[in-house]
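# Observations on the three-dimensional arrangement
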Amino acid sequence: MSLQYFDLVLSFTALFGLCAFLTLKARLHSALAPLTALGITGIWFTLVGVADLLVAGGWVFYLAAWGLGAFALVQKRSEARRLLSPGAVVFWGLAISFAVYFSIRQPMFHKFDEFSFWGPAAQMTSTTNHLYTICEYGAPWQATQNCGLIVLSYFVQFFGAFAPFKVYLAYDLLLFGCIAALVGAIGFKNYRLALPMAVIGWCTPWFFTVYARTIYLDDTYMSTYGDVPAGMLAGGAVAMWIALRSEKGTGPRWAVLPVLALMANIKDNTFPIALIVAGCIAADAFLFDYAARWKEGLARRFGFAVLCLAVPMAQYKVWSNYIAVLVQKNAESGGTGTTSLSPFGAALQGTKMLLGLSVPEEYAARQEQFYTAMANMWDAFFSSEKWTLSMIGPGVVVTVLILVLFVIALVFAKGMRQRLRVLCWMGLSSLGFVAYNYVLALSYGFIFKPSQATDLIDYSRYMYTYYIAWFLMAAAVLAWVVQTGRWRLLGQAGALTFACLMLVRVNMMVLPQMSVLGFSDATFADQYLIMEKVDAVKDEIDEDDRIFFVSQGDDGLLWFTYSCYFQPNILDYSGWEKNEESGLYGAGGGSFCLPENMPDPSVEGAIYFHAYSTEDFAKAVAESGCDYIFVDKLDAGFVAGYGSLFTDGLAAAENGETLLYRITPDGYEPVAMEVPR
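Residues numbered from 1 in each chain as written. Predicted model: local features only at pLDDT ≥ 70, side-chain atom pairs only at ≥ 80, totals over all residues. Heavy atoms only, no water.

### Observations concerning the packing of helix H3 (residues 54–75) against helix H6 (residues 148–156)
To keep things clear, this is the line we draw: Fitted lines through C-alpha atoms serve as axes, helices being fitted only where they are in contact, and the angles separating the N-to-C directions of these axes extend from 0 to 180 degrees. Helical segments are the DSSP runs of H or I of at least four residues, strand segments are the runs of E of at least two, and each set is numbered from the N terminus. Oblique is the label for any angle not under 35 degrees, not over 145, and not in the 65 to 115 range, which are roughly parallel, roughly antiparallel and roughly perpendicular in turn. Whether a crossing is left-handed or right-handed is set by the direction in which the near helix is turned from the far one by less than a right angle, anticlockwise for left-handed and clockwise for right-handed. Only heavy atoms matter for contacts: two residues are in contact if any of them lie within 4.5 Å across the pair. Each residue gets one of three labels, nonpolar for Ala, Val, Leu, Ile, Met, Phe, Trp, Tyr, Cys and Pro, charged for Asp, Glu, Lys and Arg, and polar for the others, Gly among them.
Orientation of H3 relative to H6, taken along the N-to-C sense of each, is 65 degrees, at an axis distance of 11 Å. By the angle between their axes, H3 is roughly perpendicular relative to H6. For the element pair H3 and H6, the recorded crossing hand is right-handed. Where H3 abuts H6, its residues Leu54, Val55, Phe61 and Tyr62 lie against Tyr154, Phe155 and Val156. In terms of residue class, the contact of H3 with H6 is made up of seven nonpolar, no polar and no charged.

Spelled out as structure tokens, the structure:
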């Protein structure tokens, strides 16, 4: 077996070893063990990554996982049947199936932000054995995004060559762990409930992110964005906690803590969701985690509640301090420092603004933007057109569905204590929904650009994270009540009916040939051509050569795409320059024109052009430190304005004879090469 795939076998055996240890020695239910194991994996690789010890940390982790697994299997071989449960079957069945399927089909990155961050970050971390935060990427800004998902992909392909499909597989392992947690401690005898819960978990990402019949590739299970995993992980954490509380023998309470820590390290804008979930679990633990009398174990319950909140805060603090040091170093070396208002400052000043109190000038200047964002978000909540974001309609419909699930759980609940617990989950998660909307309004008002607030750019993507989490919370609470409350057979029939309705609706909206289950190879035709061009260029250059990029009309996507495939070569973010008045950097990329030919700002794409005279272009190339110029796309304006700098007047590039020019003191010389078509 090629090492390209054998690394998956090694990572799966390590993960299984850790799960076996958690199940057999730590007494954690086998359906919950994968999610805890992935949480531990994410924490470990984050810490060793911050310490810049990824290789050593990786070896320690693998050896420990294999060793602990072997120890548990030998010591507890008589209890090996505990490794088998409906949730465990769901996790390992899906994990192995998708590992085989992705290895055969080899899906690739295909969306803008996959090339602007998620994909290159995973690639740089895997190929350099350093966190992407300290790797050079051709642009002067400091990468600050959280690394929780990135290090999971590093774990999966620790022993092999980097491949995009392994990144997808790593993220899907996390999704499958959440689905297994939703199935929870349900046994094989209760298959009438286990099967519907698995189906509900499987359908959830599509159900809350697809709102029209797909006619192109649907990327719900084929995206390296962090929004869907963040929502699934939040719901999975609640499902795990409820399963830990549902019956004796499902495992220790601390098993949920690594999951809470990983939640805080997915995306900075989903950190509030991590705190909301941690707060809900903390409240449930403090108020209801007792046997007979409420005062029993009060100090223990209070301590655990505090720990639930402290763990994600600690993870956030570790990453924030690490990034603060890197941002300062980057600013001192000529890169960008902090360029936006503080989220905590925005929360404080935005609240003061709503209360009619005075705020600093920089916040007062954004008052109209803040109010516009809130008004637009209110409209979006009820809209059935522009901002519809689910298979059943806009946010108000999704909210009603989730609240109905909680109400049904109340009806089926048995006894006052169980009803109060359902009410607690319903009330706190609803308050969390309001709080998250407020945080999002603050972001649109004070952190994002005015156009983003006006058009609510990416609103659906930000909101469906919470809807997914909230729905899974309600589903987990309902599943618990159906197992322990009144009219259990009726509840199981209802769960099966709802799962079937979800499955039918997903199949109506997402055709198999347009999803991860049956995508065409033609989907990635453009990527294959780009890779062929990169390979042809790499045959003519050395690994340490830096490349200047020219692609007329590019909006940044091609620069990000080529940058990803050119690694370890650095593709310079050509044209990057600082506006001395604003202190901000303009658009980069590789589009140039003479000042007199600069498009009107109202023309779409004008922002990506750089008005350079011939002399300024030559100066920019010289100061970039590049060895070659990569010519991806030309237009008449570029040839007329800068052709004199090229020894052949760009004739070779125009005739399709080269993509590459060597930078020399006497001009830019064409490099003879085969040009893929």
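What follows picks up the thread again.
### Looking at the pairing of strand S1 (residues 546–551)
Selection rule: Between buried and exposed lies partly exposed: a residue is buried under 20% and exposed over 50% of the maximum accessible area for its type, with that area taken using a 1.4 Å probe on protein chains only. Strand pairing follows a simple DSSP-based rule, namely that at least 2 bridges must link the two strands.
Counting buried positions over the six residues of S1 gives six, a clear majority of the element. A two-sided burial pattern is seen for S1, the buried positions comprising Arg546, Phe548 and Val550 on one face and Ile547, Phe549 and Ser551 on the other. Here S1 runs beside strand S2 (residues 570–571); their pairing, made up of two bridges, is parallel. Across the sheet, residue Ile547 finds its bridge partner in S2, namely Leu571. Pairing geometry for S1 and strand S5 (residues 628–633), over five bridges, is parallel. Looking at S5, one finds that Val550 is bridged to Val631.

### Description of the sheet that holds strand S7 (residues 667–670)
Read across the sheet, five strands follow the order S2-S1-S5-S6-S7 without closing on themselves; strand pairing throughout is mixed. Looking at the sheet topology across the chains shown, the edges are occupied by S2 and S7. Against the sheet, helix H22 (residues 557–566) makes contact with S1, S2 and S5, and its axis sits at roughly 150 degrees relative to S1, the strand it touches most. Contacting S1, S5, strand S6 (660–664) and S7, helix H23 (residues 614–624) crosses the sheet at an angle of about 150 degrees to S1.

### Focus: the pairing of S5
The buried fraction of S5 is high, at five of six residues. Of the strand pairs in this sheet, S5 and S6 are connected by three bridges, and their pairing is antiparallel. Bridge assignment links Tyr628 to a residue of S6, and that residue is Arg662.

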